[in-house]
Amino acid sequence: MTDEEHQCLVLQFAERPHLGVLIAVKGVGIQFKPDHHGQSNVRVGRNNFEGRLQVEAIEKLWSDVSGRRESPAI
């Protein structure tokens, strides 16, 4: 999801991500927020070109490690 008001990308996982995904998320500067303007337990990053590329890479990693086609809600 994008939060246009706060100019950020918001990632919300249906379940706790695999450790490799969490490490990748933290490594690119996406931060965990227990409460982000009414949304619980989300991860928030910059909504710019680099941030969107990072999210695409994380989506691919998520599908690789989980063996699923689904990606986190973005």
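Calculation criteria
Residues numbered from 1 in each chain as written. Predicted model: local features only at pLDDT ≥ 70, side-chain atom pairs only at ≥ 80, totals over all residues. Heavy atoms only, no water. Pairing = 2+ DSSP bridges. Helix = DSSP H or I, 4+ residues; strand = E, 2+ residues; numbered from the N terminus. Buried < 20%, exposed > 50% of the residue type's maximum accessible area, 1.4 Å probe, protein only.

Trainee: Quick question: what am I supposed to make of the sheet that holds strand β2 (residues 8–11) here?
Mentor: Sheets are built from strands that pair by backbone hydrogen bonding, the pairs being arranged parallel or antiparallel. Here four strands make up an open sheet; going across it, the order is β1-β2-β4-β3 and the pairing antiparallel. Strands with a single pairing partner mark the edges of an open sheet, and in this sheet they are β1 (2–3) and β3 (31–36). Sheet analysis places β2 next to strand β4 (residues 39–46), joined by four bridges and oriented antiparallel. Each residue of the ladder has a partner; that of Cys8, found in β4, is Arg46.

Trainee: How do you make sense of unusual backbone geometry when you look at a structure like this?
Mentor: Leaving glycine aside, a negative phi is the common case for residues, and trans is the common case for peptide bonds. Even without being a glycine, Gln7 presents a positive backbone phi close to 50 degrees. Among the structural elements, Gln7 can be located in the loop between β1 and β2. Overall, Gln7 belongs to the exposed group, its relative accessible area being 63%. Unusually for a residue other than glycine, His37 sits at a positive phi of about 50 degrees. Following the sequence through the fold, His37 ends up in the loop between β3 and β4.

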